[in-house]
Amino acid sequence: CGFGEREVALVRSSWDRLMQNIPHYSIRFFTSIVEIAPVSKDMFSFLRDSDEIPLNSPQLEAHAVKVFKMTYESAIQLQEKGEVVIEDSTLKHLGFVHVKKGVLEPHFEVLKGALLNIIKEAMREKWSEDMNNAWSTSFDELATAIKREMTFSV
Ligand code: HEM
Ligand code: ISQ
């Protein structure tokens, strides 16, 4: 409902913008998460050992890209299939990793807030409520699939 080509185009345009400067936006993404929820810093293997968010960390960038990319792909699936479909083994793996790292339900809202902040920051005058809603819906559908796989469920 309400997810069509226009929404996908909104998500795609901001995804393109993020990809133009991954080192910058990935650091902004993690900084935003750690600002909102300082405890999450110790969850990430590549953040735990330093006081600052590391610059030039391939691991940090790769993780940020994964979240951006999976959310973007969820938008495409919502348009094409009306739901987010993730391969079973991938979903099982993601559920397992997040439970093992101690991720809890409220952390997903933190991550969502940080993601939406970055989109707004990256898009500046091109940002719109509709764009925000398109990212928000894609993230929620993706997060629901992962949470369903985690023990606390939804
Ligand atoms: C790891 C995606 C939500 C914390 C990962 C990995 C992916 C991923 C693809 C790598 C798995 C691997 O190592 O094979 C996502 C997506 C999310 C999400 C798509 C939401 C839609 C969260 C939340 C938190 C979180 C809410 C907590 C703040 C972590 C941590 C790791 C991880 C701590 C392990 C990083 C390390 O290697 O040290 N996530 N994640 N994730 N995620 Fe998430
Ligand atoms: C959660 N899981 C995987 C990667 C991430 C990158 C940035 C912020 C949160 C994340």
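Up top is the structure these notes are about.
Participant: If you had to explain the overall build of the protein to someone new, which residues and values would you point to?
Facilitator: Check the secondary structure of the protein and you find 7 helices and 0 strands. Helices (α) and strands (β) of the protein occur, in sequence order from the N terminus, as α-α-α-α-α-α-α. For a compact globule of 154 residues, the expected C-alpha radius of gyration is about 15 Å, and the protein comes in at 15 Å, within 12% of that figure. Overall size of the protein, expressed as C-alpha extent along the three principal axes, is 45 × 40 × 25 Å. Each of the 154 residues in the protein was classed as buried or not, and the buried ones make up 44%. Considering only intrachain contacts with a sequence separation of at least 6, the fraction spanning at least 24 residues in the protein is 74%. When the accessible surface of the protein is summed, it comes to about 8600 Å², and 52% of that surface belongs to carbon and sulfur atoms. Of the charged side chains in the protein, 18 are positive and 23 negative; the average position of the first set lies 2 Å away from that of the second.

Participant: Let's hear about the site of ligand 2: which residues, and what values?
Facilitator: Every residue lining ligand 2 is accounted for by F29, F30, I33, F44, H63, A64, V67, H98 and L111. Here ligand 2 has 270 Å² of accessible area as a free molecule, and 87% of this is covered by the chains. With respect to the detected pockets, ligand 2 is housed in the largest pocket.

Participant: Outline the packing of aromatic side chains, supporting the account with residue identities and numerical values.
Facilitator: What the rule picks out here adds up to 6 aromatic pairs. For the pair W15 and Y72, a centre-to-centre distance of 5.0 Å together with 10° between the ring planes defines the contact as stacked. Placement of the pair is W15 in helix α1 (residues 5–19) and Y72 in helix α4 (residues 58–81), with a sequence separation of 57 residues. The exposure class assigned to W15 is buried, which follows from its relative accessible area of 11%. Aromatic side chains F30 and F44 sit 5.1 Å apart centroid to centroid with 90° between the ring planes, which places their arrangement in the edge-to-face category. One end of the pair, F30, is in helix α2 (residues 22–36); the other, F44, is in the loop between α2 and α3 (45–48), and 14 residues separate them in sequence. Residue class for F44 comes out partly exposed when judged on its relative accessible area of 23%. An aromatic cluster of at least three residues, connected via ring pairs, comprises F29, F30, F44, F46 and F68. One Lys or Arg, K120, reaches over the ring of W127 and ends 4.3 Å from the middle of that ring.

Participant: Quick one: what's the story with the site of ligand 1, residue by residue and with numbers?
Facilitator: The immediate surroundings of ligand 1 are formed by 20 residues, with S45, H93, H98, H107 and L111 found nearest. Contacts to ligand 1 include S45, whose side-chain N or O atom sits 2.7 Å from an oxygen atom. With respect to the detected pockets, ligand 1 is housed in the largest pocket. Within the residue set of the shell around ligand 1, elements represented by two or more residues are α3, α4, α5 (88–100), α6 (105–123) and α7 (129–149). Split by residue class, the shell around ligand 1 holds 13 nonpolar, 5 polar and 2 charged.

Calculation rules
Residues numbered from 1 in each chain as written. Chains lettered and ligands numbered in written order. Predicted model: local features only at pLDDT ≥ 70, side-chain atom pairs only at ≥ 80, totals over all residues. Heavy atoms only, no water. Helix = DSSP H or I, 4+ residues; strand = E, 2+ residues; numbered from the N terminus. Rg over C-alpha atoms; globule rule 2.2 N^0.38 Å. Buried < 20%, exposed > 50% of the residue type's maximum accessible area, 1.4 Å probe, protein only. Contact = heavy atoms within 4.5 Å. Areas by Shrake-Rupley, 256 points an atom, 1.4 Å probe, with all protein chains shown as cover. Lys, Arg positive; Asp, Glu negative; His and termini not counted. Charge placed at Lys NZ, Arg CZ, Asp CG, Glu CD. Near = heavy atom within 4 Å. 1 Å grid on protein atoms, 1.4 Å probe; cavity = no way out; pocket = protein on both sides within 12 Å on 5 of 7 lines; lining within 4 Å. Sits in = over half its atoms within 2 Å of the grid points. Phe/Tyr/Trp six-rings, centres within 6.5 Å; stacked < 30°, edge-to-face > 60°. Lys NZ or Arg CZ within 6 Å of the ring centre and 35° of its normal. Polar contact = N/O pair within 3.5 Å; in protein donor to acceptor, adjacent residues only side chain to side chain. Nonpolar A, V, L, I, M, F, W, Y, C, P; charged D, E, K, R; others polar.

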